[in-house]
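As a plain string of letters, each chain reads:
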Amino acid sequence: MKPFKVLFVFLMMLLSFSSVAVAGDFDWIKDLSIQAQADPSGFRARLGARFKIGDAEINTVLSNVEFPGDAYMVLRLGEMSRQPTDYVIKQYRSGKAKGWGALAKSLGIKPGSDEFHALKNGHDLYNGKDGGGGKEKGEGKGKSKGKKQK
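Novice: Even after reading the chapter, I still don't get the pattern of salt bridges, so can you show me in this structure?
Specialist: Two side chains of opposite charge can pair, provided their charged atoms sit close to one another. All chains considered together, the criterion is met by 4 salt bridges. Among the salt bridges present, the one from Asp27 reaches Lys30, with a minimum N-O distance of 3.8 Å. The exposure class assigned to Lys30 is exposed, which follows from its relative accessible area of 52%. Its salt-bridge partner being Lys96, residue Glu66 comes within 4.0 Å of it at the nearest N-O pair. Placement of Glu66 in the loop between α4 (55-63) and α5 (68-81) and of Lys96 in the loop between α6 (85-95) and α7 (100-106) is noted, with a sequence separation of 30 residues between them. Relative accessible area serves as the criterion here: at 52%, Glu66 is assigned to the exposed category. Connected through salt bridges with shared partners, the residues Arg50, Arg76 and Glu79 form a single ionic network.

Printed below as a string of structure tokens:
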């Protein structure tokens, strides 16, 4: 019986570490979901204003995802990939176990691209204010590769 317990604990640790490694790039989605659950009407209003959509589309997206933060990602991926929301929802439902990076890639957003880095860096619903999890413009890792400012 004891070897079974050791194996079980080992497998649980392995599973938890692998899921953390996969989700690590998009941990901000959890925080966004917490904020959305604390203020559902405010979150819905921000989604509507940010993506220029009405209540019907917001309801459709929210009813087809597991967490409110996932609704933002579905809408953002649709925007970035220029795919209709219903198509992104279908892709989300069929491949959500693979993670957001794989879903973005399947929609044509290349890993390492500016768009992909923008997804990993956070959301823009709160413009970096209110602990939104998004980064302010100009924040980030590494040196600037743009033109010199005058």
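More follows now that the structure is in view.
Novice: Would you explain the confidence of the model for the chain in this entry?
Specialist: Fine structural detail should not be taken from predicted coordinates in areas where pLDDT scores are low. For the chain, the mean per-residue pLDDT works out to 75, and 67% of the residues sit at or above 70. Across the chain, element-level confidence peaks in α4 with a mean pLDDT of 95 and bottoms out in helix α1 (residues 2-23) with 44. Within the model, the stretch residues 6-23 combines pLDDT values under 50 with 1 contact to residues more than four positions away or in other chains. Scored below 50 in pLDDT, residues 128-150 shows 19 contacts in the model against residues more than four places distant or in partner chains.

Novice: Whenever I open this one, the side chain of Ser81 confuses me. Can you help?
Specialist: Locating Ser81 in the fold gives a position in helix α5. Residue Ser81 is classed as buried on the basis of its relative accessible area of 13%. In this structure, Ser81 is in contact with Leu107 and Ile109, ignoring residues within four places of it in sequence.

Novice: Whenever I open this one, the side chain of Asp70 confuses me. Can you help?
Specialist: Inspection of the secondary structure assignment puts Asp70 in helix α5. One buried charged residue, Asp70, remains without a salt bridge, the closest side chain of opposite sign being Lys96 at 6.6 Å. Here Asp70 is in contact with Ile29, Ser33, Val65, Tyr92 and Trp100, once residues within four sequence places are set aside.

Novice: What should I look at first to understand helix α2 (residues 28-38) in this one?
Specialist: An α-helix turns once per 3.6 residues; consequently, residues spaced three or four apart project the same way. The complete set of buried residues in α2 reads Trp28, Ile29, Leu32, Ser33, Gln35 and Ala36. End-on, the buried residues of α2 take up no more than an arc of 160°, which puts them together on one face. Within α2, the exposed residues directed more than 90 degrees away from the buried face are Lys30, Ile34, Gln37 and Ala38. Taken together, the buried residues of α2 touch α3 (40-51), α5, α7 and α8 (114-121).

Novice: Sorry, what's going on with the environment of Gln83 here?
Specialist: Position of Gln83 relative to the elements: it lies in the loop between α5 and α6. Looking at Gln83, the relative accessible area reads 31%, which means it is partly exposed. Each C-alpha atom of the pair Gln83 and Gly108 lies 9.9 Å from the other, and the pair is 25 residues apart in sequence. Beyond its immediate stretch of four places on either side in the chain, Gln83 contacts Gly78, Val88 and Leu107.

Novice: What is the right way to look at the packing of aromatic side chains in this model?
Specialist: Ring pairs (aromatic) are described by centroid distance and by the angle formed between their planes. Taken as a whole, this structure holds 3 aromatic pairs when the rule is applied. Taken together, a centroid distance of 5.8 Å and an interplanar angle of 80° make the contact between Trp28 and Tyr72 edge-to-face. Taken together, the residues span a long stretch of sequence, with Trp28 in helix α2 and Tyr72 in helix α5 at a distance of 44 residues. Note on accessibility: Trp28 and Tyr72 belong to one class, buried. One aromatic cluster in this structure is built from Trp28, Phe51 and Tyr72.

Thresholds applied
- Residues numbered from 1 in each chain as written.
- Predicted model: local features only at pLDDT ≥ 70, side-chain atom pairs only at ≥ 80, totals over all residues.
- Heavy atoms only, no water.
- Salt bridge = Lys/Arg side-chain N within 4 Å of Asp/Glu carboxyl O.
- Buried < 20%, exposed > 50% of the residue type's maximum accessible area, 1.4 Å probe, protein only.
- Helix = DSSP H or I, 4+ residues; strand = E, 2+ residues; numbered from the N terminus.
- pLDDT = per-residue confidence, 0-100.
- Contact = heavy atoms within 4.5 Å.
- Lys, Arg positive; Asp, Glu negative; His and termini not counted.
- Arc of directions from axis to C-beta.
- Phe/Tyr/Trp six-rings, centres within 6.5 Å; stacked < 30°, edge-to-face > 60°.

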